[in-house]
Amino acid sequence: MYLLLITALLGSAYSFPTSTLNNVTRNTDLASQYVLPGESFPTFYDVSLFIDPANTVSFNGKVSIRIIPRIATNVIVVQAMEMTIRSISVFTDRNSNENLFASFTLATDDTHFLRISTRTQLLPDQPYIVNIDYESKYAPNMFGVYVSTYQQNGRTVNLVTSQLQPTFARRAFPCYDEPAIKAIFRTTIYAPAAYTVVRHNTPERTVPLKEDVAGYVKHEFEDTLVMSTYLLAYLVSNFEHVSNEQNPIYRVPFRVYSRPGTQTNAAFAMDFGQKNMVALEAYNEFPYAFPKLDKAAVPDFAAGAMENWGLVIYREVALLVTEGVTTTATRQNIARIICHENVHMWYGNEVGPLSWTYTWLNEGFATFFESFATDLVLPEWRMMEQFVVTMQNVFQSDAVLTINPMTHAVYTPSQIMGQFNAIAYQKSGSVIRMLHHFLTPEIFRRGLVIYIINNSRRAAGPSDLYAALQQALDASDHSIPYSISNVMSRWVNQGGFPVLNVRKSAPNANSVFISQERYLTDRSLTSTDRWHVPVNWVLSSNIDFSDTKPQGWIPPSFPATSIDIPGLANAEWFIFNKQQTGYYRVNYDPENWAALARVLQTNHAVIHLLNRAQILDDSFNMARNGRLNYNLPFEISRYLINEKDYIPWAAINPAFNYLDIVLTGSSVYNLFREYLLTLTAPLYDEIGWEATANEEHVMAYHRNIILDINCRLGNQRCITRAQELLEQFRNNPTQRLNPDLQNTVYCSGLRGGDRDNFNFLWEQYLATSDSSEQNILLNALGCTSNPELRTFYMNQVIDANSPVREQDRHTILVSVINSSPENMDAALEFVIENFHRIQPRVQGLTGTTNILNAFARRLTTETHAERINQLVSRHQAIFSAGEQASISAIREHIAASIAWGKDNAAVVEDWLEDNYGEPKPEEPSAAHSTTAGFIVLLSAVVAFFNIH
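These numbers come from a predicted model, not from an experiment.

Conventions used here
Residues numbered from 1 in each chain as written. Predicted model: local features only at pLDDT ≥ 70, side-chain atom pairs only at ≥ 80, totals over all residues. Heavy atoms only, no water. Helix = DSSP H or I, 4+ residues; strand = E, 2+ residues; numbered from the N terminus. Rg over C-alpha atoms; globule rule 2.2 N^0.38 Å. Buried < 20%, exposed > 50% of the residue type's maximum accessible area, 1.4 Å probe, protein only. Contact = heavy atoms within 4.5 Å. Areas by Shrake-Rupley, 256 points an atom, 1.4 Å probe, with all protein chains shown as cover. Lys, Arg positive; Asp, Glu negative; His and termini not counted. Charge placed at Lys NZ, Arg CZ, Asp CG, Glu CD. Pairing = 2+ DSSP bridges. Axes fitted to C-alpha atoms, helices over the stretch in contact; angles between N-to-C directions. Phe/Tyr/Trp six-rings, centres within 6.5 Å; stacked < 30°, edge-to-face > 60°. Lys NZ or Arg CZ within 6 Å of the ring centre and 35° of its normal. Disulfide = S-S within 2.5 Å. Domains from an automatic or database assignment. UniProt positions renumbered as here; feature names shortened; annotations may be inferred. Polar contact = N/O pair within 3.5 Å; in protein donor to acceptor, adjacent residues only side chain to side chain. pLDDT = per-residue confidence, 0-100. Core = buried A, V, L, I, M, F, W, Y, C linked by side-chain atoms within 4.5 Å. Salt bridge = Lys/Arg side-chain N within 4 Å of Asp/Glu carboxyl O.

Tell me what's going on with the overall build of the protein, and back it up with residues and numbers.
Check the secondary structure of the protein and you find 27 helices and 28 strands. For the protein, the C-alpha radius of gyration of 29 Å lies close to 30 Å, the compact-globule estimate for 948 residues. Reported as C-alpha extents along the three principal axes, the dimensions of the protein are approximately 105 × 70 × 60 Å. The proportion of buried residues among the 948 residues of the protein is 62%. Considering only contacts in the protein between residues 6 or more positions apart, those separated by 24 or more positions represent 74%. For the protein, the computed accessible surface area is about 33700 Å², with 50% contributed by carbon and sulfur atoms. Averaged over its 70 positive side-chain charges, the protein has a centre that lies 4 Å from the centre of its 92 negative ones.

Before we move on, could you go through unusual backbone geometry and cite the residues and values that matter?
Put simply, Gln 165 and Pro 166 share a cis peptide bond, and its omega is 0°. Along the chain, Pro 166 falls in the loop between β9 (155-163) and β10 (184-191). Positive phi values are uncommon outside glycine, yet Asp 125 reaches one of about 65°. The residue Asp 125 is located in the loop between β6 (113-122) and β7 (128-137) in this model. Residue classification places Asp 125 among the exposed residues on the basis of a relative accessible area of 59%. In this structure, Gln 579 takes a positive phi of about 55° despite not being glycine.

Would you mind going over the sheet that holds strand β12 (residues 217-220) in detail, with residue names and values included?
With mixed pairing, the 6 strands of this open sheet are ordered in space as β4-β7-β2-β1-β10-β12. Looking along the sheet, the strands with just one partner apiece sit at the ends: β4 (83-92) and β12. For this sheet, the mean inter-axis angle between neighbouring strands, taken without regard to orientation, is 15°. Summarising the sheet, strand β1 (residues 40-50) and strand β2 (residues 58-69) pair through 10 bridges and their orientation is antiparallel. Looking across to β2, one finds that Val 47 is bridged to Val 63.

Can you lay out the packing of aromatic side chains for me, pointing to particular residues and giving the numbers?
Two descriptors summarise a pair of aromatic rings, namely the distance from one centre to the other and the angle between the planes of the rings. Counted according to the given criterion, the structure contains 59 aromatic pairs. For the ring pair Phe 50 and Tyr 216, a centre distance of 5.6 Å and an interplane angle of 80° mean the geometry is edge-to-face. Here the residue Phe 50 occupies a position in strand β1, and Tyr 216 occupies one in the loop between β11 (197-199) and β12, the gap between them amounting to 166 residues. Phe 50 gets classed as buried once you look at its relative accessible area, which sits at 14%. Summarising the aromatic geometry, the rings of Tyr 150 and Phe 239 are spaced 6.2 Å apart at their centres and angled 45° between planes, so their arrangement reads as tilted. Separated by 89 residues along the polypeptide, Tyr 150 in strand β8 (residues 144-152) and Phe 239 in the loop between β13 (235-237) and β14 (240-243) bring together distant segments of the chain. We classify Tyr 150 as buried; its relative accessible area is 3%. One cation-aromatic arrangement involves Arg 331 over Phe 268; the distance from NZ or CZ to the ring centre is 5.8 Å. Directly above the aromatic system of Tyr 658 lies the positively charged group of Arg 624, at a separation of 3.5 Å from the ring centroid.

Give me the state of the cysteines: which residues, what numbers.
If you walk through the whole model with that rule in mind, you get 2 disulfides. Bridging Cys 711 to Cys 718, the disulfide has an S-S length of 2.0 Å. Sign of the S-S torsion, about -90° for the bond between Cys 711 and Cys 718, identifies this disulfide as left-handed. An identical accessibility class is assigned to Cys 711 and Cys 718; each is buried. Between the sulfur atoms of Cys 747 and its disulfide mate Cys 783 the distance is 2.0 Å. The sign of the S-S torsion, about 45°, decides the handedness of the disulfide formed by Cys 747 and Cys 783: right-handed. With Cys 747 in helix α18 (residues 739-751) and Cys 783 in the loop between α20 (771-781) and α21 (787-795), this pair connects stretches of sequence that are 36 residues apart.

Would you mind going over helix α22 (residues 809-819) in detail, with residue names and values included?
Judged by how many residues are buried, α22 sits mostly within the fold: 10 of 11 residues are covered. Within α22 the residues assigned to the buried category are Arg 809, His 810, Thr 811, Ile 812, Leu 813, Val 814, Ser 815, Val 816, Ile 817 and Ser 819. On the buried face of α22, the contacting elements are α20, α21, α23 (821-838) and α24 (847-856).

Before we move on, can you summarise the sheet that holds strand β21 (residues 498-504) with the specific residues and values?
Backbone-to-backbone hydrogen bonds join strands into a sheet, with any given pair of strands oriented parallel or antiparallel. Strand order in the open sheet formed by 4 strands is β26-β22-β21-β28, and the pairing between neighbours is mixed. Among the strands making up the open sheet, the edge pair consists of β26 (561-564) and β28 (585-588). Each neighbouring strand pair of the sheet contributes to a mean axis angle of 30°, computed without reference to strand direction. Relative to β28, helix α12 (residues 609-624) is tilted by about 75°, and along the sheet it contacts β21 and β28.

Quick rundown of the domain arrangement of the protein? Include the residues and the values.
For the protein, the domain assignment lists domain 1 (35-238) and domain 2 (786-917). On a C-alpha basis, the centres of domain 1 and domain 2 stand 41 Å from each other.

So what's going on with the pairing of strand β5 (residues 101-106)? Residues and values would help.
Looking at chain direction, β5 and β6 are connected through 5 bridges and run antiparallel. Residue pairing across strands places Leu 106 opposite Leu 114, the latter belonging to β6. Between β5 and β6, which pair antiparallel one after the other, the connecting turn spans 6 residues, and His 112 there sits at a positive phi close to 60°.

Tell me what's going on with the UniProt feature "site: Transition state stabilizer" (unreviewed entry) in the protein, and back it up with residues and numbers.
Per the UniProt record, "site: Transition state stabilizer" (unreviewed entry) is found at Tyr 425. Within the element layout of this structure, Tyr 425 appears in helix α7 (residues 423-439). Note on Tyr 425: relative accessible area 3%, which makes it buried. A polar atom in the side chain of Tyr 425 sits 2.4 Å from the backbone oxygen of Met 1.

If you had to explain the pairing of β9 to someone new, which residues and values would you point to?
Of all 9 residues making up β9, 7 are buried, and the element is well covered by its neighbours. Looking at chain direction, β8 and β9 are connected through 9 bridges and run antiparallel. Bridge pairing in β9 places Thr 149 opposite Asn 158. What sits between β8 and β9 in their antiparallel hairpin is a turn of 2 residues, with Asn 153 showing a positive phi close to 55°.

Quick one: what's the story with the confidence of the model for the protein, residue by residue and with numbers?
Averaged over all residues, the pLDDT of the protein is 92; the fraction at 70 or higher stands at 94%. Residue range residues 5-12 is modelled with pLDDT below 50. Its contacts to residues more than four positions away, or to other chains, number 29 contacts. Scored below 50 in pLDDT, residues 15-21 shows 8 contacts in the model against residues more than four places distant or in partner chains.

So what about the nonpolar core? Which residues, and what values?
Membership of the largest hydrophobic core comes to 313 residues, with the highest contact counts inside it found for Phe 173, Phe 576 and Tyr 675. Here this core takes 12 residues from helix α14 (residues 646-663), the largest share from any one element. Both of domain 1 (35-238) and domain 2 (786-917) provide at least three residues apiece to this core.

Tell me about the pattern of salt bridges, and please be specific about residues and values.
By the definition in use, this model includes 45 salt bridges. Residue Glu 724 is joined to Arg 721 by a salt bridge in which the shortest nitrogen-to-oxygen separation is 3.2 Å. Here Glu 724 and its partner Arg 721 are both found in helix α17 (residues 716-731), 3 residues apart, which amounts to about one turn of the helix. Residue classification places Glu 724 among the partly exposed residues on the basis of a relative accessible area of 37%. Between Glu 773 and Arg 736 there is a salt bridge whose closest N-O contact spans 2.3 Å.

In C-alpha cells, the structure reads:
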C-alpha cells in the first residue's frame, strides 16, 4: 500500500514510553484479545458476492471455507466486521448431511471475532466445511468494500471497489484475516447487467461452476494462488480500459482501467508499468505468478494505491497522466507508486509478513525499490540521488525518543493501521539502502533471490531475510565482521538513529576517534541505544566517492572507537559516509567543518553531490540541535551561490524553511531574506520561468525551489512575473500555464488577498474533474491572505455540501497551515474550534493526523504550546491513539523550537547582522565577504564548542 503524503502520517509512528515489563505484559494481553487463537486454519475459500452499486448501503454474500483443526475443538474462530450473519452450517468434508453447527457469537468490539460453536468436537487434521450466509455494510471510510462515485454527462455514476489491507477483508466476508494465514480463493461476483466491467484478482472462468441468479450477471473467476486475505480486490463498474494486446512489452496481459474518457491518460502507466515489471522480474529472477495484471484508477481511494495481486487499485492522481496538466512531480510520483506496487508482487505478495509487526518487510522494500527500480527504467530521473533527500526528511521524524522502531508489536486494528507510517516506509527503505551498500549491490540482490525462492507463498519474518542474505554473503568473497542478524537487529528493533562524532586523534595524526550516540532533537533527553555502524571515508588527498563498501565498523559500545586512516595527517579535509549511504548523521570537529566550507567555496565539484547534500543537511541540523555553532553551517552555505545541481538545494531547503519560521517577526528577518535572495540570485536569472525542451527531469523541482524563495521573500521581479502569468491565464484560460509553475504563480496571486484571483481559482477547481489539476488548486488556494476567503476555504472541510472529496479535505487545512505564519495561526484556531467536526469529515484513519503533523513542523512558540493545550483540553475525549501520538509529537517539536530560540537565536542574528546588516563605522563593508582567514579564526573561536 502506498500512502500519499506519507510524511504527514508520522504521528502514528510515535509511542508513549513505558517500562519493558509493562510492554511485555500489555502485549501478551493484547495478543490474547486480538490474535486468532489458531485452533484451525483455512485451505480454501469459495466466496460469492452480490454487488449492486445502485444499492449504496449493503451487499449480500456467501462464503464456504474449508478448514482444518490443529487440535480437537468445538469452537471455530474467524473474523467478521459490520455484517449481519444470516445462517451458518458446518459439515465434515465427506458428509454434507450432518450439520455440526450449534451457535455463534459475533463480537461488538474491535476484536471482530466470530466464534462458531459445534455440537461435537472437531477432530485435528480432518477437513471441515464452514458455510456462512451474511449481509455486509459498505464501508463509509473507503476501508473495506465501498461505493465510489464520479460525474459523467451531468449525472452521478456509482461503482464498487475495495481496500482490504490491513484488517478489512473481514468486512468483505468472514475469514481468517491475518497476513500469515494464507489460502486459495475462488470468487464469484453477481452484479446487475448495467455494470459491464467486473474485475477480480484472476481472469474470469471459461467453464462456469455456479448457478445463475435472476436479476444478476454471474462473473466467475479462476482460483487464486495461495495468498493472504488482504490482497483480494473487487471492481464492479462501467470503466473502460487500455491493454498491451497490440504492444506486449511485458509477457503477461496488462490492462489499465479508468473512467470512460480517460483512456489516453493511461498511456504513461501502460508503458512504464510494463517496462518496470520486466526490470523487476529480471532483478528478482522469479516470474510474476498471476495470469494477468490489471491496474484500476478509482475516483475515491483512501491510500495512494494497493498492491492486490492481479488487480492493483490506485487513486486517479496516482495512476493517470494528463499531458499539459500533470506536473513533473505528479508524473514522478505516478512512476514511483506504480513501481512501489509492482515491487509488492514479490515483497508482500509472493513473500508476506508473519504479522503486521513486520510491516517494514513489505513497505521498506517497496520504498527502496520504488526509486531503485524506477532508475532501472528511467535513469535520467536520478531517483536514487533523490532518495537521499527522502532519507534526510525522515531523519527529522526519527529523531524523537518516542518514535517506534521498524519492528513494533501491534495487535489492535488501530495499532496495525498505525504501522503504515514513515518508519515502515521511508526509514525502512533507507536502512535497506544501507544494507544494499554494506553488503554490496550484487550480494544484496543474490540474497533477495534466495529469500524469495525459499519463502515463496509463505509468511516470513526478519530472520528469514537475514538467513538468505547471510547465505549470499557467505558464498561471496566479501565479508563483514558481524553476522547480518546481529547488525540488523539493532537497526530494526530500536527507534531512532545514531550520530557519529568524528575527531582527529591529534592535529597531525593518521587516526580518528569515533563515538556514537542516539541523535535526539531534544538534547535534554538521553538514550543508551547504540548500533553496528558501517563507515567509509574520503580524504582530500585521495578523492574517491565511488566505492561504498565499509572500510570499518563502529561497534555498539560506549567508549570511542579508534580507526587508523593512512594519509589523514596530510589531508586538508575528510568526509565520512560516502554518498550518505549510511542511515546516520556525522559531526566533525570545527576545524574539519571549516575546511569543508573552504573547499566548497573554492571547488565544490570535487565533493560528490550527495555528500554536498549531506554536509548541508548534517551541518544545519547539527546546529539546530545545539551540537554545532550556527556560524559554521552559514559559512558552508555561502557556496550555494555557485551550486547548480538540484540535490544540494533540495537538501538545504528544509533548513531554510525552518529558519524562515523561527525568524519570522525577528529584527533580522529582512536580513535573512536578503541572505536567501543573494544565494539564489544567479540561479533565478539562469533558470528563470521558462522550461526548455531538453532540460533535465529534476530541473522542474529546482526551478520551483528558486522561484518559491524569490516570490515568497519579496523579489519584486519574481512577484511581478507571477502576477503577469496569472493575469494572462485569467484572461485566456484555454492557454494553460506550465503545470510545474502553477502552484508558485497561484500562491503569488493569492498572498495579497485578491478576491478575484481566489474566486477564479476556486471556479477552476469546481469546473475540473482532473485529479491532478484538483490537487494543484487545493494546495494553492490555502495561500490566500484574505481572512474572509480563508475562512470560507477552511469551512469546506466541515461543510456537509463541500465539493471536495473526503480523501482530499485534509489538504485544505494542510495548505493553509503551510502557506504563512498568519494562515497557520488561523488554521490552528479553526482546528481548536472545530476538531470534533473535522474528525468525521476527513479521510478516515489518517486525515486528522495529516493535519496535526503539519502543525508539528511549524508550531514554535510558548503561545503555540498554550493553544495546543487548549486543543487537548477541549477534544481529548475523542482523540484516537494516532491523534494522541501526533499531539505528543507537536509538543516535542515546540519544546525543541523554544529551546532553539534560547540557544541559537542570538548566534544566528549576529551572523546575519555581521554579513548582511549595515556596516558599523568601525567595521568596513568587508564584513560582507568571506575569507579563508575568517574561517580559520572561526575555527579557533568555536574549538571549545561542546560536540557530543
